[in-house]
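Architecture and fold: a report
What follows is the residue order along each chain.
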Amino acid sequence: MEPVFRSLEIAAGLVVRATGTRITFRGLENLPAAGGAVIAINHTSYVDFLPAALAATARGRRMRFMIKAEMEQVKPVGYLIKHTGTIPVDRRAGAGAYAAAVDVLRRGELVGVYPEATISRSFELKDFKTGAARMALEAGVPIIPLIVWGAQRIWTKDHPKSLGRKKIPVTVAVGEPIVAEGSVARIDDVLRARMSSLLDQAQRDYPAPAGSYWVPNRLGGSAPTPAQAKLLDEAELAERARKRAEHEATGKK
């Protein structure tokens, strides 16, 4: 029954109703009713995990997410990680999390993965990591492409949160399963093509006011281009490295 997980499902539904968020699900039948699968999700928001998880709930399934291990240090989050089957990932040593995810998949669970690893500031697909393809191949399960669109209006990088009863529409589009066979590169190519197609369709069907920060540059929005976003990401990583080095140097004194 997983009482903690069930409580979260109820809370998520209440949050959606309280904020007036309108989630449209497409292709739910592509989520397997039983058995393991890697769910590959695009990443544009701090909250896009919620619509993705609710898609699984609507299908009568539960999704186990991979989350950065630092979040375990936040006591309430650490408790939830422990009691919901969430898989903590140490970015400096991810082998343990990878093995845990493969084991969860073999047990017939759904595992939510962000192939881009970090939030896309351009709201377009970034370069993919190979973890999703490798996990599916090793566990012998399909990959399901899943697109969340609209959640970036609620909370994303470089912009203030838009919480409260804003009635923001969100689209969740689930694509057909991809059989994990052949090389990792081939699987990744197919996955990216499927996710690109789903994302393009979701964007074309969604209102896109000119100049809006959450609208991709190529659609007339003011979001950075993928090239500009890459430079912002690199600057962010450099600043993190500087702070980490500064902290370590201070600790040695």
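Preceding this paragraph is the structure being described.
Here the structure is a predicted model, which is why all the values come from computation and not from measurement.

Here helix α4 (residues 95-106) spans 17 Å end to end across 12 residues, near enough to the 16 Å set by a 1.5 Å rise per residue. When we look at burial in α4, the residues that qualify are Ala97, Tyr98, Ala101, Val102, Val104 and Leu105. Projected down its long axis, α4 carries its buried residues within an arc of 160 degrees, all on one side. Of the residues in α4, the exposed ones pointing more than 90 degrees away from the buried face are Ala95 and Arg106. Looking one or two residues beyond α4, the residue adopting positive phi is Gly108, at roughly 95 degrees.

What follows is about unusual backbone geometry. With a phi angle near 75 degrees, Ala117 is a residue other than glycine that sits in the positive phi range. Topologically, Ala117 is positioned in the loop between β5 (110-113) and α5 (131-139). Its identity is not glycine, yet Lys167 carries a phi of approximately 55 degrees, on the positive side. Within the element layout of this structure, Lys167 appears in the loop between β6 (143-149) and β7 (169-174).

Attention shifts here to a nonpolar patch on the surface. On the surface, Leu8, Tyr79 and Leu80 cluster together to form a nonpolar patch covering roughly 250 Å² of accessible area. Residue placement: Leu80 occurs in helix α3 (residues 75-83). Overall, the relative accessible area of 31% leaves Leu80 in the partly exposed class.

Among the structural elements, Leu8 can be located in helix α1 (residues 3-19). Taking the C-alpha atoms as reference, Leu8 lies 9.0 Å from Leu80; in sequence the two are 72 residues apart.

Turning to the nonpolar core, a few remarks are in order. Within the largest apolar cluster, 58 residues are counted, with the highest numbers of intra-cluster contacts made by Val38, Ile39, Ile41, Ile143 and Leu146. The residues contacting Ile39, other than those within four sequence positions of it, are Leu31, Met63, Leu110, Val111, Gly112, Val113, Ile144 and Leu146.

What follows covers helix α6 (residues 184-204). In this model, α6 (21 residues) spans 30 Å end to end at C-alpha, consistent with the 30 Å of a helix rising 1.5 Å per residue. When we look at burial in α6, the residues that qualify are Ile187, Asp188, Leu191, Met195, Leu198, Leu199, Ala202 and Gln203. The arc that holds every buried residue of α6, seen down its axis, measures 130 degrees, which confines them to one face. Summarising the geometry of α6, the exposed residues directed more than 90 degrees from the buried face are Asp189 and Arg204.

With that settled, consider the sheet that holds strand β1 (residues 22-26). The pairing of strands in a sheet comes from backbone hydrogen bonds and takes either a parallel or an antiparallel form. Reading across the sheet, the seven strands line up as β1-β7-β6-β2-β5-β3-β4 and stay open at both edges, with mixed pairing between neighbours. Two strands close off the open sheet at either side, each with one partner strand: β1 and β4 (87-89). Taken pair by pair, the neighbouring strands of this sheet meet at an average axis angle of 25 degrees, ignoring direction. Relative to β7, β6 runs antiparallel, the two sharing four bridges. Considered in β7, the bridge of Leu146 is made with Val174. Packed onto the sheet, α6 meets β1, β2 (37-41), β6 and β7 and runs at close to 30 degrees relative to β6.

According to the stated counting rule, one finds 17 salt bridges in the structure shown. Among the salt bridges present, the one from Arg26 reaches Asp205, with a minimum N-O distance of 3.2 Å. Here the residue Arg26 occupies a position in strand β1, and Asp205 occupies one in the loop between α6 and α7 (226-252), the gap between them amounting to 179 residues. For Arg26, a relative accessible area of 30% corresponds to the partly exposed category.

Moving on: the packing of aromatic side chains. For any pair of aromatic rings, geometry is given as the distance between the ring centres together with the angle between the planes. Enumeration according to the criterion identifies three aromatic pairs in this entry. Ring centres of Tyr46 and Trp155 lie 4.9 Å apart, and the angle between their planes is 50 degrees; this geometry places the pair in the tilted category. Here Trp155 lies in the loop between β6 and β7 and Tyr46 lies in the loop between β2 and α2 (49-58), a separation of 109 residues in the sequence. Residue classification places Tyr46 among the partly exposed positions, given a relative accessible area of 38%. Classification of Trp155 by relative accessible area gives partly exposed; the value is 30%. A cation sits over an aromatic face here: Arg153 above Trp214, 4.4 Å from the ring centre. One cation-aromatic arrangement involves Arg192 over Phe128; the distance from NZ or CZ to the ring centre is 5.0 Å.

Conventions used here
- Residues numbered from 1 in each chain as written.
- Predicted model: local features only at pLDDT ≥ 70, side-chain atom pairs only at ≥ 80, totals over all residues.
- Heavy atoms only, no water.
- Helix = DSSP H or I, 4+ residues; strand = E, 2+ residues; numbered from the N terminus.
- Expected span 1.5 Å × (residues − 1).
- Buried < 20%, exposed > 50% of the residue type's maximum accessible area, 1.4 Å probe, protein only.
- Arc of directions from axis to C-beta.
- Patch = residues over 30% accessible without salt bridge, like charges linked within 9 Å, V, L, I, M, F, W, Y side chains within 5 Å.
- Areas by Shrake-Rupley, 256 points an atom, 1.4 Å probe, with all protein chains shown as cover.
- Salt bridge = Lys/Arg side-chain N within 4 Å of Asp/Glu carboxyl O.
- Core = buried A, V, L, I, M, F, W, Y, C linked by side-chain atoms within 4.5 Å.
- Contact = heavy atoms within 4.5 Å.
- Pairing = 2+ DSSP bridges.
- Axes fitted to C-alpha atoms, helices over the stretch in contact; angles between N-to-C directions.
- Phe/Tyr/Trp six-rings, centres within 6.5 Å; stacked < 30°, edge-to-face > 60°.
- Lys NZ or Arg CZ within 6 Å of the ring centre and 35° of its normal.

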